[in-house]
Amino acid sequence: QVQLVESGEGLVQAGGSLRLACVASGSIFFIYAMNWYRQAPGKQRELVATITSGGGTYYVDSVKGRFTISRDNAKNKVYLQMNGLNAEDTAVYYCNADLRINPLTSRNNFWGQGTQVTVSS
């Protein structure tokens, strides 16, 4: 069994900062990409940021220059540092991992339960 657990939920004023964390636990052989998605009310879930096992990163245009994704491979953790938050960043943020649970299985995606980020204007 693999579990992803997010933390860092919060309410922050516009312009403020918040740091999300996610830890993957269980039977894990190797984690490829770790991702942060978000879903705002009435909108589709969107990919916010990705970090590969080698440290390569991707950001959706709306967060470039404000958000930073990082990971600790030894601890199976991924972080999302969010600065300059605005009301449009209000959403439930989900951690996602593309991983293999043993060398013989295929890669699979796992999701966290989500954590609420609310930005007040």
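Each remark here, short or long, concerns the structure printed above.
Calculation notes
- Residues numbered from 1 in each chain as written.
- Predicted model: local features only at pLDDT ≥ 70, side-chain atom pairs only at ≥ 80, totals over all residues.
- Heavy atoms only, no water.
- Helix = DSSP H or I, 4+ residues; strand = E, 2+ residues; numbered from the N terminus.
- Rg over C-alpha atoms; globule rule 2.2 N^0.38 Å.
- Buried < 20%, exposed > 50% of the residue type's maximum accessible area, 1.4 Å probe, protein only.
- Contact = heavy atoms within 4.5 Å.
- Areas by Shrake-Rupley, 256 points an atom, 1.4 Å probe, with all protein chains shown as cover.
- Lys, Arg positive; Asp, Glu negative; His and termini not counted.
- Charge placed at Lys NZ, Arg CZ, Asp CG, Glu CD.
- Disulfide = S-S within 2.5 Å.
- Polar contact = N/O pair within 3.5 Å; in protein donor to acceptor, adjacent residues only side chain to side chain.
- Pairing = 2+ DSSP bridges.
- Axes fitted to C-alpha atoms, helices over the stretch in contact; angles between N-to-C directions.

## Quick word on the overall build of the protein chain
Summing up its helical and strand segments, the protein chain has zero helices and eleven strands in all. Each helix (α) and strand (β) of the protein chain, taken in turn from the N terminus, gives the series β-β-β-β-β-β-β-β-β-β-β. The C-alpha atoms of the protein chain give a radius of gyration of 14 Å, which matches the 14 Å a tight globule of 121 residues would have. For the C-alpha atoms alone, the extent of the protein chain along its principal axes is close to 50 × 25 × 25 Å. Burial statistics for the protein chain: of 121 residues in total, 42% are counted as buried. Taking as baseline every contact in the protein chain between residues at least 6 positions apart, the subset at least 24 positions apart corresponds to 55%. Only carbon and sulfur atoms are counted for the fraction: they give 49% of the accessible area of the protein chain, which is about 6,400 Å². Computed over 11 positive and 8 negative side-chain charges, the inter-centroid distance for the protein chain is 6 Å.

## What to know about the state of the cysteines
Overall, the coordinates contain one disulfide when judged by the stated rule. Note that Cys22 is cross-linked by a disulfide to Cys95, the S-S spacing being 2.1 Å. Taking the torsion about the S-S bond as the criterion, the Cys22 to Cys95 disulfide, at about -80°, is left-handed. Of the two residues, Cys22 sits in strand E3 (residues 18–26) while Cys95 sits in strand E9 (residues 91–100), which places them 73 residues apart along the sequence. Residue Cys22 shares its accessibility class with Cys95, and that shared class is buried.

## Side note on the environment of Ala91
Following the sequence through the fold, Ala91 ends up in strand E9. Given the relative accessible area of 2%, Ala91 is considered buried. If near-sequence neighbours (up to four positions away) are discounted, Ala91 is found in contact with Arg38, Gln39, Ala40, Thr115, Gln116 and Val117.

## Comments concerning the environment of Lys64
Tracing the chain through its elements places Lys64 in the loop between strand E6 (57–59) and strand E7 (67–72). Separated by 25 residues in the primary sequence, Lys64 and Gln39 place their C-alpha atoms 18 Å from one another. At a separation of 2.9 Å, a polar atom in the side chain of Lys64 contacts the side chain of Asp61.

## Points about the side chain of Asp98
Tracing the chain through its elements places Asp98 in strand E9. Residues in contact with Asp98, not counting those within four places in the same chain, are Phe30, Ile31, Tyr32, Ala33, Arg107, Asn108 and Asn109.

## Considering the pairing of E3
Bridge analysis of strand E1 (residues 2–7) against E3 gives six bridges, and the strand direction is antiparallel. Across the sheet, the residue bridging to Glu6 is Cys22, located in E3. Bridge count between E3 and strand E8 (residues 77–82): six bridges; the pairing is antiparallel. Opposite Arg19, over in E8, you have Gln81 as the bridge partner.

## Some remarks on the sheet that holds E8
The sheet built from four strands is open, its strands ordered E1-E3-E8-E7 with antiparallel pairing. A strand with exactly one partner marks an edge of an open sheet, and here the two such strands are E1 and E7. On average, each strand axis in the sheet is tilted by 15° relative to the strand beside it, whichever way the strands run.

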